[in-house]
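Fold and geometry: a report
So you can see what is in the structure, the chains are spelled out below.
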Amino acid sequence: MSSEEKRIRVLIAKPGLDGHDRGAKVVARALRDAGMEVIYTGLRQTPEMIAEAALEEDVDVVGLSILSGAHMTLLPRTVELLRRMGMDDVLVVAGGIIPDEDVPALQAAGISRVFGPGTPTEEIIAYIREAVSARRPS
Amino acid sequence: MTGTPSSPLSALAERVLRGERRALAQAISCLEAGEAAGRELLALLYPHGGRAHTIGVTGAPGTGKSTLVSALARGYRRRGLTVGIVAVDPSSPFTGGALLGDRVRMRDLSGDPGVFIRSMATRGALGGLARTAGDVVLALDAAGYERIFVETVGAGQDEVEVATLAHTVVIVEAPGLGDEVQVLKAGLLETGHILVVNKADRDGAEQTVAALQAMLDLTGGAHGVVDHHGVRMSVGEAPADDSVGDGWRPPVLATIATEGRGVEEVLDAIEAHRAHAASAAGRDRHFAEAQLARALDEALRRLLAEHLDPAAYEEAVQAVLSRSADPYTAAARLVDLLRPGNDR
């Protein structure tokens, strides 16, 4: 009968125009099964839509899935909007088809971690739990 | 209970009252956690509530509730009113996690600062809503949103909790989900002020409308008005207060939410009910009592959590397990221990 702990809230979004969201749904489901509250926003989201949803939902984590190749513009843009809205503490991670050579630039732009295809969902869950608890004041 | 002017919570409350979206989002998280800070924040916001009109939207899964809410919200925006939306989806009873997907159907609303959407998980509560849904509605109300939609989980027949916090309850049906008997036995319908048959381009829409009309002709819903051979008459005993038999005959409206068809008529009906119900003296008392009952329930749970002796609890479990006491007797003993003067 302990009081409700603050649950980890995660927004899973697909920026850009690719129409394939299997990976995003698998991750969303895995995070749900790990006890997180996952807000799924669906396909073809602009960075503005993602940042607005993240703000309204007061999420701890934004997970961006992108396969279209437009990650170098859409992902930094999303982080920039989040920061501009005052969400400095939100963890931003990405997944999808992202070449290794692009990862350092994305990390410099504020994407904490990039998960490639075939990453075990356990690894994503463990990373999110650790990173969120490190960010929370307690 | 109230914070000092310099406390972080009063600063947060001030920002909510100014309509700052980030502050509102953080305040909702605080209320949702259901801890002491949330109760303190609620106390600061409560005096500023009571201005919004709250619309509950409920109905079976797959009837198109989210799409309808999205279309209604756009309609209100065209009418110049600001809109808050609380969309509730179920938590997993096993992991406590939740997949909240209502925003997928609400993408047309993004980019509009006059709309605020918040997804909520039920977090173990029954009745189609999260326990703190009413608190979240209050935060949106205090932040100045004029119409607030509360979309329940895909409800079956008894998710009537929404009636305790929504001024107007919209029940969404779709063709082909059940025969007339399903409709008749659904306690849900009795709480509805407006019945919507969505997906009206599908086969059987007219039959569904007719079945709902026939049901209303038989019972008048909970509202006690029946048209019989063109004569309006009341059914059953006259209610003791105005909160139930309020003389409102629920309209049955057909919509195709994906195309926006029928949406204006639903908005007109909501506004007509708003005007109608505002004159019902018993209504606000009904809500006040429901809110108080919820808060009392919470307070008692907390009292129990804080003061229940784990050893006595274990003893009670063992007693029930070995059948030396029945659960009610064991519970009554535990409660006795909490009474003043019975401290161990």
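Residues numbered from 1 in each chain as written. Chains lettered and ligands numbered in written order. Predicted model: local features only at pLDDT ≥ 70, side-chain atom pairs only at ≥ 80, totals over all residues. Heavy atoms only, no water.

**Re the overall build of chain B**
When helices and strands are tallied, chain B shows 12 helices and 10 strands. With 344 residues in all, chain B has 48% of them scored as buried. Intrachain contacts of chain B at a sequence separation of at least 6 include 73% that bridge at least 24 residues. (Helix = DSSP H or I, 4+ residues; strand = E, 2+ residues; numbered from the N terminus. Buried < 20%, exposed > 50% of the residue type's maximum accessible area, 1.4 Å probe, protein only. Contact = heavy atoms within 4.5 Å.)

**Observations regarding the pattern of salt bridges**
Pairing between side chains of opposite charge can happen when the charged atoms of each approach one another. Residues and elements named next belong to chain A. For the structure shown, the criterion picks out 36 salt bridges over all chains. Taking the shortest distance from any N to any O, the salt bridge between R9 and E37 comes out at 3.0 Å. Taken as a pair, R9 in strand β1 (residues 9–13) and E37 in strand β2 (residues 37–40) lie far apart in primary sequence, 28 residues in all. Both residues of the pair, R9 and E37, count as buried. (Salt bridge = Lys/Arg side-chain N within 4 Å of Asp/Glu carboxyl O.)

**Some details on the sheet that holds strand β4 (residues 91–96) of chain A**
Sheet architecture is open: 6 strands sit in the order β5(A)-β4(A)-β3(A)-β1(A)-β2(A)-β3(B), paired in parallel fashion. Edge positions in the open sheet fall to β5 (113–115) of chain A together with β3 (98–100) of chain B, since each of these has one partner strand only. Neighbour-to-neighbour, the strand axes of this sheet turn through a mean angle of 20°, independent of strand direction. In terms of strand pairing, β2 of chain A meets β3 of chain B through 3 bridges, oriented parallel. Of the residues in β3 of chain B, the one forming a bridge with V38 of chain A is L99 of chain B. (Pairing = 2+ DSSP bridges. Axes fitted to C-alpha atoms, helices over the stretch in contact; angles between N-to-C directions.)

**What to know about the interface of chain A and chain B**
Across the boundary between the two partners, chain A contributes 31 residues, which contact 31 residues of chain B. Counting the surface lost from both chain A and chain B, the interface buries some 2700 Å², and carbon and sulfur atoms represent 47% of this. Run the count over chain A and chain B and you get 9 salt bridges. The tally of links from chain A across to chain B stands at 19 residue pairs in polar contact (both at pLDDT 80 or more). Contributing elements (two or more residues each) for the side of chain A that touches chain B: α1 (22–33), β2 and α2 (47–57) of chain A. The element contributing the most residues to the side of chain A that touches chain B is α2 of chain A, with 6 residues. A per-class count over the side of chain A that touches chain B returns 12 nonpolar, 6 polar and 13 charged. (Buried area = accessible area lost by both parts, 1.4 Å probe. Polar contact = N/O pair within 3.5 Å; in protein donor to acceptor, adjacent residues only side chain to side chain. Nonpolar A, V, L, I, M, F, W, Y, C, P; charged D, E, K, R; others polar.)

**What about the sheet that holds strand β10 (residues 252–254) of chain B?**
All names here are of chain B. Across the sheet, which stays open at both edges, the 7 strands sit in the order β4-β2-β5-β1-β6-β7-β10 with parallel pairing between neighbours. In this open sheet, the two edge strands, each paired with only one partner strand, are β4 (115–121) and β10. Neighbour to neighbour, the strand axes of the sheet diverge by 20° on average, direction disregarded. Relative to strand β7 (residues 194–197), strand β6 (residues 168–173) runs parallel, the two sharing 4 bridges. Bridging from a neighbouring strand, V170 pairs with I194 of β7. Strands in contact with helix α5 (residues 133–142) are β1 (53–59), β2 (83–89), β4 and β5 (147–151); relative to β2, the strand with the most contacts, it is inclined by about 165°.

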